[in-house]
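# Descriptive structure summary
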Amino acid sequence: MAVWDDLVGQTKVEEQLAAAARDADALVTAHAAREPAPEASKMTHAWLFTGPPGSGRATAARAFAAALQCVSPDRALGGSPGCGFCDGCHTTLVGTHADVEIVRTDLLSIGVKETRDLVRRAQLSPAGGRWQVIVLEDADRLTEGAGNVLLKAVEEPAPRTVWLLCAPSLEDVLPTIRSRCRHLTLRTPPVEAVADVLVRRDGIDPETAQAAARATQGHIDRARRLATDERARARRSVVLKLPLRVDDVGGCLKAAQELVDAAAEDAKQVAEEIDVKETEELKAALGAAQGGRMPRGTAGAMKELEERQKRRRTRTQRDSLDLALTDLTGFYRDVLALQLRSRSALANTDVRDALERIARDTTPERTLRRIEAVLACREALDRNVAPLLAVEAMTMALRG
């Protein structure tokens, strides 16, 4: 299985990356033989992958990183890098390659300190003799200061370092950084392609895979989770009942509270799974006796961990809320499609009765205002408005 097989519905991007990987391999071969570098190479030192959620930005970046580190002997016989089986490909894809740093964050932002550590790492020569690759999956979460730190490294890269940045759109990255990167745009994969992947790679039955792919409108990770996680299906079911519960003020406030409480419960579950383990590991690393007191001078490290865990809980709660709001937007999009008698396929066919009821009782103009209310709630959460306040304002705006 080639590394590109995980890219779903991205034929054009795959072709561009495969061509760049071949040129990168030629550069490494020429360098090892002390020959002149090939001219007109499609390889460059900085790449920016953009596309909507679920399009596979990070997947494309990791696949390209694996192709750059490919050591398959077939390359000498004319084969393309990115076999998916050799040590270079395998260790990159599982995250253990010495020359590939994959950076993702479960916090709200990436700060200056973390970025400086990355820049120092980028100055090192590759241990395996090929490329030093930095994959930054959340480039849109760089603070302004962190972006300025990264800019210097992208402007003056080390000879064998490659930066692979991922963000939802060009506007999410500093203009000075994006102007120095080669830009690749990924599209939302077709529903049929996502369903096929779920069947072939995850062993999900075709009917469930098709329903999950359709409900998530081509978002691969969400479709996989919806098809395999009963709790995810239950939460989605609750969200899709919300439009029928906002007929009065009391119903609006109750629905908002339940939505926020469900997101907080998600954050609590993540904390229970991760926080205790992290805390115990840090205590052991700092030399604390089993069940005993912490050594002197370690309070600062423990406080820093607690702050990080608190920020992660906030991020998890907001991500859970955002997922619910995405489902709600899809619901009203289906209502609008029915009202306008569009031929586009409905995403939420499992609640068609509710869709038809609301479509019959309201107007397209009202539906558009409701969609705008959901989008305004998402923007408010991005601006750090208190979740309950933002969701209450939305449910009141959704009231019939």
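Note that the structure is a prediction, hence the values are computed from the model and not measured.

## Some points on the overall build of the protein chain
A tally of helices and strands in the protein chain yields 15 helices and five strands. In summary, the protein chain has a C-alpha radius of gyration of 24 Å against a globular reference of 21 Å for 400 residues, a match within 12%. Counting only C-alpha atoms, the protein chain reaches 75 × 60 × 40 Å along its principal axes. Here the protein chain holds 400 residues, and the buried ones make up 45% of them. Intrachain contacts of the protein chain at a sequence separation of at least 6 include 70% that bridge at least 24 residues.

## Focus on a negative patch on the surface
Together, Asp 261, Glu 265, Glu 272 and Glu 273 line one region of the surface with negative charge. As for its placement among the helices and strands, Glu 272 is situated in helix α11 (residues 249-285). On the basis of relative accessibility, which here comes to 52%, the residue Glu 272 falls in the exposed class.

## Regarding unusual backbone geometry
You will see that Gln 217, though not glycine, has its phi angle at about 55 degrees, which is positive. Structurally, Gln 217 is set in the loop between α8 (206-215) and α9 (220-228). For Gln 217, a relative accessible area of 34% translates into the label partly exposed. Phi at Arg 341 is positive, roughly 55 degrees, even though this residue is not glycine. Here Arg 341 is to be found in the loop between α12 (299-339) and α13 (352-361).

## Some remarks on helix α15 (residues 387-398)
The end-to-end C-alpha distance of α15 is 17 Å, a good match for the 16 Å that 12 residues give at a rise of 1.5 Å each. The set of residues buried in α15 consists of Pro 387, Ala 390, Val 391, Met 394, Thr 395 and Leu 398. Within α15, the buried residues cover an arc of 130 degrees as seen down the axis, which keeps them to one side. Every exposed residue of α15 that faces more than 90 degrees away from the buried side is listed here: Leu 389 and Ala 393.

## A word on the pairing of strand β3 (residues 132-136)
Taken across its five residues, β3 has five buried, putting it largely inside the fold. Of the two faces of β3, the one lined by Gln 132, Ile 134 and Leu 136 and the one lined by Val 133 and Val 135 are each fully buried. The pairing of strand β2 (residues 100-103) with β3 spans four bridges and is parallel. Note on β3: the bridge partner recorded for Val 103 is Leu 136.

## Remarks on the layout of surface pockets
Roughly 540 Å³ of volume is contained in the second largest pocket. Looking at the second largest pocket, it is lined by 17 residues, and the ones nearest its centre are Leu 107, Glu 114, Glu 304, Arg 308 and Arg 311. Listing elements by their share of the lining of the second largest pocket, those giving two or more residues are α4 (112-122) and α12. Its residues assigned to classes, the lining of the second largest pocket comprises six nonpolar, three polar and eight charged.

## Section: the packing of α8 against α9
How two helices pack is summed up by the angle between their axes together with the distance between the axes. In the contact formed by α8 and α9, the axes pass within 8 Å of each other and the chain directions differ by 135 degrees. Relative to α9, α8 is oriented oblique. Where α8 crosses over α9, the handedness of that crossing is right-handed. From α8, Thr 208, Ala 212, Ala 213 and Ala 215 reach across to α9, where they touch Ala 223, Leu 226 and Ala 227. The residue inventory of the contact of α8 with α9, partitioned by class, reads six nonpolar, one polar and no charged.

## Quick look at the sheet that holds strand β1 (residues 46-50)
Within the open sheet, the five strands sit side by side as β2-β3-β4-β1-β5. Their pairing is parallel. Of all strands in the sheet, those bounded by a partner on one side alone are β2 and β5 (182-185). Each strand of the sheet is rotated relative to its neighbour by a mean of 15 degrees, with strand direction disregarded. Pairing of β1 with β5, which is carried by four bridges, proceeds in the parallel orientation. Pairing of Phe 49 across the sheet is with Leu 184, part of β5. Packing against the sheet, α4 makes contact with β2, β3 and β4 (161-167), and its axis sits at approximately 160 degrees to β3.

## A closer look at the packing of aromatic side chains
For the coordinates displayed, the defined rule picks out two aromatic pairs. Centre to centre, the rings of Trp 47 and Phe 64 are 5.0 Å apart; their planes meet at 70 degrees, and the pair counts as edge-to-face. With Trp 47 in strand β1 and Phe 64 in helix α2 (residues 57-68), this pair connects stretches of sequence that are 17 residues apart. Seen in terms of ring centroids, Phe 331 and Tyr 332 are 5.5 Å apart; in terms of plane orientation they differ by 85 degrees. Their pairing is edge-to-face. Tyr 332 shares its class with Phe 331; the two are buried. One cation-aromatic arrangement involves Arg 160 over Trp 131; the distance from NZ or CZ to the ring centre is 5.5 Å. The cationic tip of Arg 182 hangs over the ring face of Trp 47; the distance from NZ or CZ to the ring centre is 5.2 Å.

Analysis parameters
- Residues numbered from 1 in each chain as written.
- Predicted model: local features only at pLDDT ≥ 70, side-chain atom pairs only at ≥ 80, totals over all residues.
- Heavy atoms only, no water.
- Helix = DSSP H or I, 4+ residues; strand = E, 2+ residues; numbered from the N terminus.
- Rg over C-alpha atoms; globule rule 2.2 N^0.38 Å.
- Buried < 20%, exposed > 50% of the residue type's maximum accessible area, 1.4 Å probe, protein only.
- Contact = heavy atoms within 4.5 Å.
- Patch = residues over 30% accessible without salt bridge, like charges linked within 9 Å, V, L, I, M, F, W, Y side chains within 5 Å.
- Areas by Shrake-Rupley, 256 points an atom, 1.4 Å probe, with all protein chains shown as cover.
- Salt bridge = Lys/Arg side-chain N within 4 Å of Asp/Glu carboxyl O.
- Lys, Arg positive; Asp, Glu negative; His and termini not counted.
- Charge placed at Lys NZ, Arg CZ, Asp CG, Glu CD.
- Expected span 1.5 Å × (residues − 1).
- Arc of directions from axis to C-beta.
- Pairing = 2+ DSSP bridges.
- 1 Å grid on protein atoms, 1.4 Å probe; cavity = no way out; pocket = protein on both sides within 12 Å on 5 of 7 lines; lining within 4 Å.
- Points joined across faces, edges and corners; volume = space filled by probe spheres on them.
- Nonpolar A, V, L, I, M, F, W, Y, C, P; charged D, E, K, R; others polar.
- Axes fitted to C-alpha atoms, helices over the stretch in contact; angles between N-to-C directions.
- Parallel < 35°, antiparallel > 145°, perpendicular 65-115°, else oblique.
- Left-handed = near helix turned anticlockwise from the far one by under 90°.
- Phe/Tyr/Trp six-rings, centres within 6.5 Å; stacked < 30°, edge-to-face > 60°.
- Lys NZ or Arg CZ within 6 Å of the ring centre and 35° of its normal.

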